[in-house]
Amino acid sequence: MTQNLHPMLNIAIKAARAAGAIINRASLDLDALKITSKGPNDFVSEVDRAAEQAVIETLLEAYPGHGILAEESGRTHGAKNSEFTWIIDPLDGTTNFLHGFPVYAVSIALAHRNQVQQAVVYDPTRNDLFFASRGRGAYLNDRRLRVSRRTRMAEALIGTGFPFRKGDNFKRYVKMFEEVMQNCAGLRRPGAAALDLCYVAAGWYDGFFETGLSPWDVAAGSLMITEAGGLIGNFTGEADYLYQREVVAGTPRVYGQLVQILTPYSRVIPQPEAGDVPR
């Protein structure tokens, strides 16, 4: 890699590759894995935990004063009040991984005051490293990424993810699914949101939408998209998506068309405008 990378990005890449090595080793003998269930259809394996530990150790060794928000351990590591927070999903696509379906990734983002500054998504089965620094572009290995040039929804390939937890609103999702499906060229659902967002950045998808996502699913991928010239927001098109459990992304024009379709399905409670008198 010839780029002159930000030191914090270099550490994140090192952490992602360490996690990827653990995941690849474990993939050779899936039957030996201990798996526990966090809830119906929501699994965690000892690999998720080992990969997460490797990531956290690598990051905190370099930056002991930083905060950590990680899928399996929450905020139990790192500094609680730092302006810097690493947002980590050690294995996005656990269900795929457990079945040997080769679509899963390590996702690591660094946020400064809630704004993502550095991002890495590592796909260990393909040895593909997606990374971005705010203001310096998004890359896949050594290739600069740009979103696709497609402007028409009718020609767009759209990624999505199905809701899978009890309590998710399946009926609402099926309505959205039906509407988007009838307006686009194709809908795909590989099962790892961090990678889905990178696929938009790479121009492989023209758009993406999903509900029920957590910050660690979208933090890194969101920076890939904006650095590749795409747009990302909640279903009403605002920038408030990281903690809102709904996200839509795409090329600028496809994003606009997706937002039009998805706005009626938004669950975001609008924040009062500055100066609004609370009633």
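Residues numbered from 1 in each chain as written. Predicted model: local features only at pLDDT ≥ 70, side-chain atom pairs only at ≥ 80, totals over all residues. Heavy atoms only, no water.

*Asks:* Give me the packing of helix 4 (residues 170–183) against helix 7 (residues 252–262): which residues, what numbers.
*Replies:* Two numbers describe how helix 4 lies on helix 7: the axes approach to 10 Å, and their chain directions differ by 145°. Seen along the crossing, helix 4 lies across helix 7 with a hand that is right-handed. On helix 7, the residues that touch Met 176, Glu 179, Val 180 and Asn 183 of helix 4 are Leu 258, Ile 261 and Leu 262. Taken together, the residues of the contact of helix 4 with helix 7 sort by class into five nonpolar, one polar and one charged. (Axes fitted to C-alpha atoms, helices over the stretch in contact; angles between N-to-C directions. Helix = DSSP H or I, 4+ residues; strand = E, 2+ residues; numbered from the N terminus. Left-handed = near helix turned anticlockwise from the far one by under 90°. Contact = heavy atoms within 4.5 Å. Nonpolar A, V, L, I, M, F, W, Y, C, P; charged D, E, K, R; others polar.)

*Asks:* I'd like to hear about the packing of helix 1 (residues 7–27) against helix 2 (residues 46–62), residue by residue, with values.
*Replies:* The interhelical angle for the contact between helix 1 and helix 2, taken along N-to-C directions, is 160°, at an axis separation of 9 Å. Judged by the inter-axis angle, helix 1 sits roughly antiparallel to helix 2. Considering the relative orientation of helix 1 and helix 2, their crossing is right-handed. Between helix 1, through Ile 11, Ala 12, Lys 14, Ala 15, Ala 18, Ala 19, Ile 22, Ile 23 and Ala 26, and helix 2, the contact on the second element is made entirely by Val 47, Ala 50, Ala 51, Ala 54, Val 55, Thr 58, Leu 59 and Ala 62. Across the contact of helix 1 with helix 2, the residue classes break down as 15 nonpolar, one polar and one charged. (Parallel < 35°, antiparallel > 145°, perpendicular 65-115°, else oblique.)

*Asks:* Report on the layout of surface pockets, specifying residues and quantitative values.
*Replies:* There is about 480 Å³ of room inside the largest pocket. Lining the largest pocket are 31 residues, and of these Asp 92, Gly 93, Thr 95, Phe 164 and Gly 191 sit closest to its centre. Contributing elements (two or more residues each) for the lining of the largest pocket: strand 2 (42–45), strand 4 (84–92), helix 3 (94–99), helix 5 (193–202), strand 12 (207–211) and helix 6 (215–227). Roughly 280 Å³ of internal volume is contained in the second largest pocket. In terms of lining residues, the second largest pocket is bounded by 13 residues, among which Asn 114, Gln 115, Ala 239, Tyr 241 and Leu 242 are the most central. Of all the elements in the fold, those that place two or more residues in the lining of the second largest pocket are strand 6 (115–123) and helix 6. Ranked by residues supplied to the lining of the second largest pocket, first place goes to helix 6 with three residues. (1 Å grid on protein atoms, 1.4 Å probe; cavity = no way out; pocket = protein on both sides within 12 Å on 5 of 7 lines; lining within 4 Å. Points joined across faces, edges and corners; volume = space filled by probe spheres on them.)

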